[in-house]
Amino acid sequence: MTFLRQPTAAGVRDAADKVARILPPTPIFRREINGLNVTFKAESVQPIGAFKIRGAWHRLTALDEESRRRGVVAFSSGNHAQGIAWAARRLGIAATIVMPADAPRAKLEATLALGAEVVRYDRAGESREAIAARLAEARGATLVPSFDDPWVIEGQGSAGIEAAAQMAALGLPAPTQLVIPCGGGGLAAGVTLALRDAAVTVVEPEGWDDMRRSLEAGWIEPVGTNPPPTACDALQTQRVSPLTFDVLARRGATGVAVSEAEIAAAQRWAAEQLRLVIEPGGAVGLAAVLAGRVTGTSLLVILSGGNVDMAAYARAIG
């Protein structure tokens, strides 16, 4: 019988210690919205523009010397790609990233600039998981999924450890409600493990809210056929993983979906009120709060990324 490693709260604390040794904390902002006290964690200002640097660093630093020599293969629309490329370059590991042909140009160029090899695929007709698995097997490399990995989940959870410490240092109450963007659920599961006394709401774009439906059903539901177009390229995950679903289901997490118009409005609000550029997928949690779909006495909202195509961003914020 094979026993698969599970993500743990202890692993999240270990990841937080690792991350703290190489990266400064990302800032937090406090605002009142619709009578709610909201704290924002700006992961958009990470060196790669997103929280994915956390999971990538925790995962790659866990590799032994032989595994590092053989390299890593990952798949991503851009943020995980950049996180893996950044960590791999710092550790001297060869990295190959499978990216969709329609990935935002800014994310593709940033990944290449970090020294990774990029293999393109057709998001509509090909499986990135299958392509990456074949490459990893052929090269003897380690496959590093974007969310279906215990180390990656723990690494993302370090954002929760960091935010709670920052709030305590400012004399703010501990978060009672977590509002987290969700694609595959790695960030949501990790922060859930980090902050065990808070309720959890995951937020997804309409038509891509498979985690919400899965949590309501009690089993994993895929996105389904012909999902609608969305600006949230980072959240276009066809099916969540048992690792992330189980963490969230055990906590009793709930989910909400937001519209494309609500996401664009959240991007505008972040630019005007926080002076932050937030990508569509990174703004869905804020969108849910602005739309009045989340309540609580002390909200922690993760602004998970800020890697945007500037022309599309300009159109979105109007």
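Located above this text is the structure these notes cover.
Sequence positions are assigned chain by chain, starting from 1 and proceeding in written order. Confidence filtering applies because this is a predicted model: local features only for residues at pLDDT of at least 70, side-chain atom pairs given and counted only at 80 or more, and all residues used for totals across whole chains, interfaces and linings. Side-chain metrics rest on all non-hydrogen atoms present in the structure, leaving aside hydrogens and water.

### Focus on the layout of surface pockets
- Roughly 840 Å³ of internal volume is contained in the largest pocket.
- Taken together, 47 residues form the lining of the largest pocket, with Arg128, Phe147, Gln236, Thr237 and Gln238 sitting closest to its centre.
- Every helix listed is a DSSP run of H or I at least four residues long, and every strand listed is a run of E at least two residues long, numbered separately from the N terminus. At the level of elements, helix H4 (79–91), helix H6 (128–139) and helix H8 (186–194) are the ones that each hand at least two residues to the lining of the largest pocket.
- Each residue belonging to the lining of the largest pocket can be placed in one class, and the counts come to 18 nonpolar, 19 polar and ten charged.
- Each cavity reported here is a set of points on a 1 Å grid over the protein atoms alone in which a 1.4 Å probe fits but cannot get out, each pocket an open set with protein on both sides within 12 Å along at least five of seven lines, and each lining residue one with an atom within 4 Å of a point. Grid points are joined across faces, edges and corners, and a volume is the space filled by probe spheres set on the points. Estimates place the volume of the second largest pocket at around 260 Å³.
- In terms of lining residues, the second largest pocket is bounded by 17 residues, among which Ala231, Gln267, Pro280, Ala312 and Tyr313 are the most central.
- Going through the elements one at a time, helix H11 (260–274) and helix H13 (310–317) are the ones with two or more residues in the lining of the second largest pocket.
- Residues belonging to the lining of the second largest pocket are distributed by class as follows: nine nonpolar, two polar and six charged. Gly is put with the polar residues, along with every residue not named as nonpolar or charged; the nonpolar set is Ala, Val, Leu, Ile, Met, Phe, Trp, Tyr, Cys and Pro, and the charged set is Asp, Glu, Lys and Arg.

### Overview of the sheet that holds strand E3 (residues 72–75)
- In spatial order, the strands read E5-E4-E3-E6; together these four strands make up an open sheet with parallel pairing. In this open sheet, the two edge strands, each paired with only one partner strand, are strand E5 (117–121) and strand E6 (142–144). Going across the sheet, the axis of each strand differs from the next one's by a mean of 20°, ignoring polarity.
- Here the rule is simple: two strands pair whenever DSSP picks up at least two bridges between them. Relative to E6, E3 runs parallel, the two sharing three bridges. For Val73, the partnering residue across the bridge sits in E6 and is Leu143. A fitted line through C-alpha atoms represents every axis, and for helices the fit uses only the stretch in contact; the resulting angles, taken between N-to-C directions, go from 0 to 180 degrees.

### Digging into the nonpolar core
- One finds Leu178, Ile180, Val202, Met211, Leu215, Leu248 and Leu300 to be the most contacted residues of the largest nonpolar core, which totals 30 residues.
- For this core, the elements supplying multiple residues, two or more each, are helix H7 (150–169), strand E7 (177–181), H8, strand E8 (199–205), helix H9 (210–217), helix H10 (242–251) and strand E10 (299–303).
- Take this core: its biggest share by element is six residues, from H8.
- Excluding anything up to four places from it in sequence, Leu178 contacts Val191, Thr192, Leu195, Ala198, Ala199, Val200, Thr201 and Leu300.
- Here, nonpolar core means buried Ala, Val, Leu, Ile, Met, Phe, Trp, Tyr and Cys residues that are tied together by side-chain atoms lying within 4.5 Å of each other. When a residue's accessible area, from a 1.4 Å probe over protein chains only, is under 20% of the maximum for its type it is buried; when over 50% it is exposed; and in between it is partly exposed. Grouped together as the second largest cluster of nonpolar side chains are 28 residues, Val256, Ala266, Trp269 and Ala270 included. Whether two residues are in contact is decided by their heavy atoms: any pair within 4.5 Å suffices.

### Considering the packing of aromatic side chains
- In this scheme Phe, Tyr and Trp rings, the latter by its six-membered ring, pair at centre separations within 6.5 Å, and the angle between planes marks the pair as stacked below 30 degrees, edge-to-face above 60, and tilted otherwise. Under the defined criterion, the tally for this structure stands at two aromatic pairs.
- Centroid distance Phe40 to Trp269: 5.7 Å. Interplanar angle 45°. Geometry classified as tilted. Of this pair, Phe40 sits in strand E2 (residues 36–42) while Trp269 sits in helix H11; the two residues are 229 residues apart in sequence, bridging distant segments of the chain.
- Here Trp269 falls in the buried class, since its relative accessible area comes to 17%.
- Their ring planes at 65° and their centres at 6.0 Å tell us that Trp57 and Trp86 sit as a pair that is edge-to-face. One end of the pair, Trp57, is in helix H2 (residues 52–61); the other, Trp86, is in helix H4, and 29 residues separate them in sequence.
- For Trp57, a relative accessible area of 8% translates into the label buried.
- Residue Trp86 is classed as buried on the basis of its relative accessible area, which comes to 14%.
- By definition here, charges over rings are those cases where NZ of Lys or CZ of Arg is within 6 Å of the ring centre and within 35 degrees of the ring normal. The ring centre of Trp151 lies 4.3 Å from the NZ or CZ of Arg5, which sits over that ring.
- A cation over an aromatic ring shows up here: Arg59 above the ring of Trp151, its NZ or CZ 4.0 Å from the ring centre.

### Here we look at the environment of Gly318
- Mapped onto the elements, Gly318 comes out in the segment after H13.
- For Gly318 and Glu260, which are 58 residues apart along the polypeptide, the C-alpha to C-alpha distance reads 14 Å.

### Focus on the environment of Arg239
- Within the element layout of this structure, Arg239 appears in the loop between H9 and H10.
- Residues Arg239 and Gly224 lie 15 residues apart in sequence; the distance between their C-alpha atoms is 8.9 Å.
- Sequence-distant contacts of Arg239, that is, excluding residues within four places in its chain, are made with Phe147, Asp210, Ile220 and Pro222.

### Regarding the packing of H2 against H7
- Relative to each other, H2 and H7 sit at 130°, their axes nearing to 7 Å. Relative to H7, the element H2 is oriented oblique. Considering how the two elements wind past one another, H2 and H7 form a crossing that is right-handed. Along its contact with H2, which presents Lys52, Arg54, Gly55, His58 and Arg59, the element H7 presents Trp151, Val152, Glu154, Gly155, Gln156, Ser158, Ala159 and Glu162.
- Here the residues of the contact of H2 with H7 sort into three nonpolar, five polar and five charged. An angle below 35 degrees is treated as roughly parallel, one above 145 as roughly antiparallel, one from 65 to 115 as roughly perpendicular, and anything else as oblique. Left-handed is the label given to a crossing in which the near helix is rotated counterclockwise from the far helix by less than a right angle, and right-handed is the label when the rotation is clockwise.

### Describing the pairing of strand E1 (residues 28–33)
- Note that E1 and E2 share six bridges and pair antiparallel. In the sheet register, Glu32 faces E2, and the bridge partner there is Asn37.

### Some remarks on the side chain of Ser298
- With respect to the helices and strands, Ser298 occurs in the loop between helix H12 (284–290) and E10.
- According to the relative accessible area criterion, Ser298 is buried, its value standing at 2%.
- Sequence-distant contacts of Ser298, that is, excluding residues within four places in its chain, are made with Arg30, Asn37, Met167, Pro173, Ala174, Pro175, Thr176 and Gln177.

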